[in-house]
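Okay, here's what each chain looks like letter by letter:
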Amino acid sequence: MDFVHHFKKYREELERIELPALPYIGLFLQDLLMIEEIPTKSKQDANLINFQKMHKLFIVIKKIQRFQSVNYN
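Residues numbered from 1 in each chain as written. Predicted model: local features only at pLDDT ≥ 70, side-chain atom pairs only at ≥ 80, totals over all residues. Heavy atoms only, no water.

Quick one: what's the story with the nonpolar core, residue by residue and with numbers?
When a protein is soluble and globular, its nonpolar side chains tend to lie buried together. Grouped together as the largest cluster of nonpolar side chains are eleven residues: F7, Y10, L14, A21, L27, F28, I35, L57, V60, I64 and F67. For this core, the secondary-structure elements that each account for two or more residues are helix 1 (8-16), helix 2 (25-36) and helix 3 (51-68). By residue number, the principal contributor to this core is helix 3, which donates four residues. I35 has contacts with K53, K56, L57 and V60, leaving out every residue within four places of it along the chain. (Core = buried A, V, L, I, M, F, W, Y, C linked by side-chain atoms within 4.5 Å. Buried < 20%, exposed > 50% of the residue type's maximum accessible area, 1.4 Å probe, protein only. Helix = DSSP H or I, 4+ residues; strand = E, 2+ residues; numbered from the N terminus. Contact = heavy atoms within 4.5 Å.)

Which residues make up unusual backbone geometry, and what values do they have?
With an omega dihedral of 5 degrees, the bond running from L19 to P20 counts as a cis peptide bond. Here P20 shows up in the loop between helix 1 and helix 2. For H6, which is not glycine, the phi dihedral falls at a positive 60 degrees. Examined against the element boundaries, H6 turns out to sit in the segment before helix 1. Overall, H6 belongs to the partly exposed group, its relative accessible area being 31%. Located in the positive-phi region is F7, a residue other than glycine, with phi close to 60 degrees. Position of F7 among the secondary structure elements: in the segment before helix 1.

Written as structure tokens, this is what we have:
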């Protein structure tokens, strides 16, 4: 769990791990916080939505839901 490389090895292991598993939630919260800092609306046109930001949010939430899809005994 080396924070210098943004937990690269831990993230790779999370992708391969068999469920059920209990991941470190702080990693996902950190990702969500970093994504939240991205502007939601375009500076040029206030009516445009930043779909790249929404897609990044979707990816993180999907990873969290993967760990919630199997009961942990």
